[in-house]
Amino acid sequence: MSNKTGYPSIDRPWEEFYKYGIPDKPNDMPWNKYLVDDNAIGAKPPQGLTMYQLIYDVNKGYPDQIALNYFDKKTTFAELFNHIDECARALTAAGVKEDDYVMVSLVDMPEVVYSFYGANKIGAAVNLIDPRSDVVTLQHYINQVNPKVFITLDLNYPLVKKAIVGTSVEKVVIVRVDDSMPAAISLGYKLKSRGQHPKIEYNDSTLKYKDFIAAGEGTPDVEADFKEDACRIIVHTGGTTGLPKSVMISDQITNNVAWSYGYIGFPIKRQNVWYNELPPFIIYSMLISVHLPLFYGVTVVLNPEFSVEKFAKNFKKYKPNYAGGVTEHWRQLIRSPLMKDFDISFLIAAVIGGDACPREDEIEIDEFFKAHGCKYPVIKGYGMSETSATVTTETCTANRYKTVGIPLPVHDIKIVDPDDIIEYWPKYNDMKVDFDESVSLLGGQSREVQVCPYVFYEMCINSDGTYSLCRFDWNHAMILDQHVSHPPTPKKIWDSIVLWNFQQQFLKKERKLMTVLSCPKCGILKQGVPEDLDEFAEEIL
């Protein structure tokens, strides 16, 4: 007789897919009690180590193996740790201390790895910024954490220069994408991009990366101890589920995620190759495509250009065993003439994340892989910035259509059906609800409210197809059919670019007063926001 209850939360059927069984959790058990396949798969996640200490601990015995590959310029683990030490000393010389923050706005290049682990070594946190951010956004991120150092691409310097005025930033470190390229490729890039780079006046507060590193020479080495729950990474959400948030991530959770992949049997082998062109300001890039492979001694290929169109060309060049991307990366690859008759038996994990993968695409990609020598299906997963990247993933053996795999060990997650939430909205067309422009949703006089940090966590839908975006912002209303495909639904509005644009208008104080449209009977998606924010306006802004 089966002991199964039928409730997955009790039966935990996914644990049968964990290659090394159910993780041990005794506090007295060392994380590296045993090693498997020459990789750091211990009986439980690494405990009490910073991210820097972890990758150093598992790779210090392999100094001549390749850690990074940037346009075929390869960096050994010995060289990587030397560069990290140099960056750590430079940050210390610039006055960065434990629990300080360092702004990093770069693309996939060696310097982003050096900065990431250099800051971590001294106990500082990196604030990973989208290079496309405007001045207002940059100022907001700077004022959140009051950093002394801002490391940025030279192409973004004009915006950074404006953003740091009146802030805590004392030094701006300039990096060019060709700084670490091989000499011949760097020359070609300089010729091709002539006239595209801003003219920068360098001085003691605006330095080239190499001069920043030189300024740290002779500075005593500092290595911070592990501090539980201390923030060591900040990433920023895309705003798809509301106001963009700054997510704080610790050493322990990043190490947990990296360890989890090997523990469940994700086929990772030392000195295999992982291709990464996902932007580093996305946590999936730095955690899943940099920290995770380095934890297992895998070589990380860094490409500064995120391009689904060029993906097939780079894939053919580097022949990676692992590569992550959105669905469109793999759509483009299987349709590329470069892939005709190309043997991809080297491919172990084609990872898809960031957007949905329709079943028909998954089947087509899998059939292409099989026809071209790959033994493994495409691998899907699910995660969010707020969960420090992935919380579920498929593996080569735990792989099913229309799923996102199995939960990672030592992660607690809950599955919610979004359709059940949307059903709470009244069918306002069927109800034929009338609306009264003079009465607010709460039944009182409509008025302008100064601030709403929770924009879009509630919406008012009216029977004539109009809506108010937030009950704290009565004066903003739009016509649904102008902005989303017909028929308009709450979910379409929620996911639309219109809401994102309005958020930006709100943050920049560019709102326009419009007709009040709200109704006591219209639909609201409750999120438990405060009733009155006026008295907190100055503090929140």
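Residues numbered from 1 in each chain as written. Predicted model: local features only at pLDDT ≥ 70, side-chain atom pairs only at ≥ 80, totals over all residues. Heavy atoms only, no water.

Let's shift gears to the overall build of the protein. Each helix and strand counted, the protein has 18 helices and 19 strands in total. When the 541 residues of the protein are sorted by exposure, 54% land in the buried category. Long-range pairs, those at least 24 residues apart, make up 71% of the contacts in the protein with a sequence separation of at least 6. When the accessible surface of the protein is summed, it comes to about 25,800 Å², and 52% of that surface belongs to carbon and sulfur atoms. (Helix = DSSP H or I, 4+ residues; strand = E, 2+ residues; numbered from the N terminus. Buried < 20%, exposed > 50% of the residue type's maximum accessible area, 1.4 Å probe, protein only. Contact = heavy atoms within 4.5 Å. Areas by Shrake-Rupley, 256 points an atom, 1.4 Å probe, with all protein chains shown as cover.)

Turning our attention to the sheet that holds strand β10 (residues 273-276). Sheet strands associate in pairs through backbone hydrogen bonding, adopting either a parallel or an antiparallel arrangement. Spatially, β2-β1-β11-β10-β12-β13-β14-β15-β16 is the arrangement adopted by the 9 strands of the open sheet, whose pairing is mixed. Of all the strands in the sheet, just β2 (73-76) and β16 (406-407) have a single pairing partner and so form its edges. In this sheet, strand β14 (residues 379-384) lies alongside strand β13 (residues 349-352) in parallel orientation, the contact comprising 2 bridges. Among the inter-strand pairings, V351 is bridged to a residue of β14, identified as I379. Where helix α10 (residues 283-295) meets the sheet, its contacts fall on β1 (66-70), β10, β11 (299-302), β14 and β15 (389-393), and the angle it forms with β10 comes to roughly 165°. (Pairing = 2+ DSSP bridges. Axes fitted to C-alpha atoms, helices over the stretch in contact; angles between N-to-C directions.)

Regular strands place their side chains on alternate faces of the sheet. Taking every second residue as pointing to the same face, both faces of strand β12 (residues 322-325) are buried, with Y322 and G324 on one and A323 and G325 on the other. As defined by bridge partners, β10 adjoins β12 across 2 bridges and the pair is classed as parallel. Looking at the pairing, Y275 lines up with A323 of β12. Here β12 runs beside β13; their pairing, made up of 4 bridges, is parallel. Counterpart to G325 in the pairing with β13 is I352.

With that settled, the discussion passes to the nonpolar core. One finds Y117 and L294 to be the most contacted residues of the largest nonpolar core, which totals 83 residues. When sequence neighbours within four positions are dropped, the list of residues in contact with Y117 reads M51, Y52, I55, I84, V290, H291 and L294. Ranked by size, the runner-up nonpolar core spans 24 residues in total, among them A312, F346, C357 and F369. (Core = buried A, V, L, I, M, F, W, Y, C linked by side-chain atoms within 4.5 Å.)

Approximately 900 Å³ is the volume found for the second largest pocket. Counting residues per element, the ones that place at least two in the lining of the second largest pocket are α7 (183-192) and α11 (311-318). For the lining of the second largest pocket, the class distribution of residues is 16 nonpolar, 6 polar and 9 charged. (1 Å grid on protein atoms, 1.4 Å probe; cavity = no way out; pocket = protein on both sides within 12 Å on 5 of 7 lines; lining within 4 Å. Points joined across faces, edges and corners; volume = space filled by probe spheres on them. Nonpolar A, V, L, I, M, F, W, Y, C, P; charged D, E, K, R; others polar.)

Here the focus is α10. Most of α10 is tucked away, with 12 of its 13 residues classed as buried. Remark: G297 follows α10 within two positions and exhibits a positive phi of approximately 70°.

This brings us to the pattern of salt bridges. If you walk through the whole model with that rule in mind, you get 22 salt bridges. When the shortest N-O distance is used, the salt bridge between D100 and K148 registers 3.7 Å. Residue D100 is located in the loop between α3 (77-93) and β3 (101-105), and its partner K148 is located in the loop between α5 (135-145) and β5 (149-153); the two are separated by 48 residues in the primary sequence. A single salt-bridge network, built from bridges that share partners, covers E98, D99, K227, R232 and D251. (Salt bridge = Lys/Arg side-chain N within 4 Å of Asp/Glu carboxyl O.)

Right, let's talk about the confidence of the model for the protein for a bit. Within the protein, residue pLDDT values average 77, and 70% of them lie at 70 or more. Taken as a whole, residues 24-40 scores under 50 in pLDDT and shows 41 contacts with residues more than four places along the chain or in a different chain. With pLDDT under 50 throughout, residues 418-483 is counted as low confidence; its partners more than four residues away or in other chains account for 202 contacts. (pLDDT = per-residue confidence, 0-100.)

The next point concerns unusual backbone geometry. The general pattern is negative phi for most residues beyond glycine and trans for most peptide bonds. The residue F71 is not glycine, and still its phi comes out positive at about 55°. With respect to the helices, strands and loops of the structure, F71 is situated in the loop between β1 and β2. Even without glycine at this site, A389 takes up a positive phi of about 80°. Here A389 lies in strand β15. For A389, a relative accessible area of 0% gives the class buried.

Following the sequence through the fold, R176 ends up in the loop between β6 (171-175) and α7. Note: C-alpha distance between R176 and L153 (23 residues apart in sequence) is 5.8 Å. Not counting the four nearest positions on each side in its chain, R176 is found in contact with M109, D154, Y189, K190 and H197. A distance of 2.9 Å separates a polar atom in the side chain of R176 from a polar atom in the side chain of D178. (Polar contact = N/O pair within 3.5 Å; in protein donor to acceptor, adjacent residues only side chain to side chain.)

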